[in-house]
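Residue-level listing of the chains:
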Amino acid sequence: MTGDIFDIAHASLVDGPGIRTAVFFKGCNLKCAWCHNPESQSFSSQLLFYEDLCTHCGSCRCEKEKCDLCGRCALLCPRGAKKLVGRAVTVQEVMDEILTDTPFYGSEGGATFTGGECMLQPEFLTRLLKACKENTVHTAVDTAGNVPWKSFEAILPYTDLFLYDVKLMDDAEHKAYTGAGNRLILENLGKLLDSGANVWVRIPVIGGVNDTDENFTALKAFLKKHKAPQRVDLLPYHKMGEKKYSALNMELTEFTVPTNERISYLQSIL
């Protein structure tokens, strides 16, 4: 079988413990206003065009009447002004790249499956996790948790660590900024913690949105009702993905980067 991904990052240091291979799945059922990987949201392949890199040399000229996303123009562009994101891959193709990296994992590294939302391709994800365990590769699943609980039950035996994103505790605000409520997300997080799974709770801290006393006090109260996660990480908003919005002809919403002092204060609440 095949699954849809848009990137594989090697030697990642931000997708779980140690040095990791991060496999980015295509497609997400949340539309976070601050998303730094907007190319991950659509389930279909997309062509990014970075106009500032284009010299209008004509190398990418296509004779087709309508673009069918074949990717030929991206391959021919000498400046990388065009990039095709999204491709179908087999389990073996992904595992070949993961296994190439195993000499660098050491005692902590491994493979992280992220997105988009990797749990929206449950069968493909499960097969990859099983293949990793068969090859003694540490596995991590990065998820926003907006999926049925049965999807977690299917992968629990093969997942060493969950990186669980929590955006906002207020349901209405969560829906306003991500396009979906948070009831299922929090329900699944509670079940996952109480199951004894290894969980890192990760909060993208967005200035002026969720960096409030109320939000973090509510999160603290929620976590105290369940088994404690291994750790809680605060991830300050950054602007690294801004160029992708114009490359995809998508509207960009800008947010405030929280100060180090604000991050330290929010940590003190937790």
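Relevant structure appears above.
1. Remarks on the overall build of the protein chain
Step number 1: Across its full length, the protein chain holds nine helices and ten strands.
Step number 2: Taken over the C-alpha trace, the protein chain has a radius of gyration of 19 Å; the compact-globule value for 270 residues is 18 Å, and the two agree within 12%.
Step number 3: Considering only C-alpha atoms, the protein chain reaches an extent of 60 × 45 × 30 Å along its principal axes.
Step number 4: Classification of the 270 residues of the protein chain by burial places 48% in the buried group.
Step number 5: For the protein chain, the exposed surface amounts to about 13500 Å²; the carbon and sulfur share of it is 51%.
Step number 6: In the protein chain, 29 side chains carry a positive charge and 34 a negative one; their mean positions are 2 Å apart.

2. Side note on the sheet that holds strand β7 (residues 139–143)
Step number 1: An order of β5-β1-β2-β6-β7-β8-β9-β10 is seen for the eight strands of this open sheet, with the pairing classed as mixed. Two strands close off the open sheet at either side, each with one partner strand: β5 (87–90) and β10 (231–236). The sheet shows a mean angle of 30 degrees between the axes of neighbouring strands, taken without regard to direction.
Step number 2: In the sheet, strand β1 (residues 2–12) pairs with strand β2 (residues 20–25) via five bridges, with the strands oriented antiparallel. Paired with Asp7 across the strands is Phe24, a residue of β2.
Step number 3: Sheet strands touched by helix α9 (residues 260–269): β9 (199–205) and β10. Its angle to β10, the strand with the most contacts, is close to 155 degrees.

3. Thoughts on unusual backbone geometry
Step number 1: Put simply, Gly115 and Gly116 share a cis peptide bond, and its omega is 10 degrees.
Step number 2: In this model, Ala11 sits at a positive phi of 60 degrees, which is unusual for a non-glycine residue.
Step number 3: The residue Ala11 is located in strand β1 in this model.
Step number 4: You can call Ala11 exposed: its relative accessible area is 53%.
Step number 5: One non-glycine residue, Thr136, lies in positive phi territory at about 50 degrees.
Step number 6: For Thr136, a relative accessible area of 73% puts it in the exposed group.

4. Focus on the packing of helix α2 (residues 91–101) against helix α3 (residues 122–134)
Step number 1: Relative to each other, α2 and α3 sit at 40 degrees, their axes nearing to 10 Å. With respect to their mutual orientation, α2 and α3 come out oblique. Of the two elements, α2 crosses α3, and the hand of that crossing is right-handed. Two secondary-structure elements touch here, α2 through Val91, Val94, Met95 and Ile98 and α3 through Phe124, Arg127, Leu128, Ala131 and Cys132.
Step number 2: Its residues placed into classes, the contact of α2 with α3 shows eight nonpolar, no polar and one charged.

Conventions adopted
Residues numbered from 1 in each chain as written. Predicted model: local features only at pLDDT ≥ 70, side-chain atom pairs only at ≥ 80, totals over all residues. Heavy atoms only, no water. Helix = DSSP H or I, 4+ residues; strand = E, 2+ residues; numbered from the N terminus. Rg over C-alpha atoms; globule rule 2.2 N^0.38 Å. Buried < 20%, exposed > 50% of the residue type's maximum accessible area, 1.4 Å probe, protein only. Areas by Shrake-Rupley, 256 points an atom, 1.4 Å probe, with all protein chains shown as cover. Lys, Arg positive; Asp, Glu negative; His and termini not counted. Charge placed at Lys NZ, Arg CZ, Asp CG, Glu CD. Pairing = 2+ DSSP bridges. Axes fitted to C-alpha atoms, helices over the stretch in contact; angles between N-to-C directions. Contact = heavy atoms within 4.5 Å. Parallel < 35°, antiparallel > 145°, perpendicular 65-115°, else oblique. Left-handed = near helix turned anticlockwise from the far one by under 90°. Nonpolar A, V, L, I, M, F, W, Y, C, P; charged D, E, K, R; others polar.

Worth remembering: the numbers are spatial, not functional.
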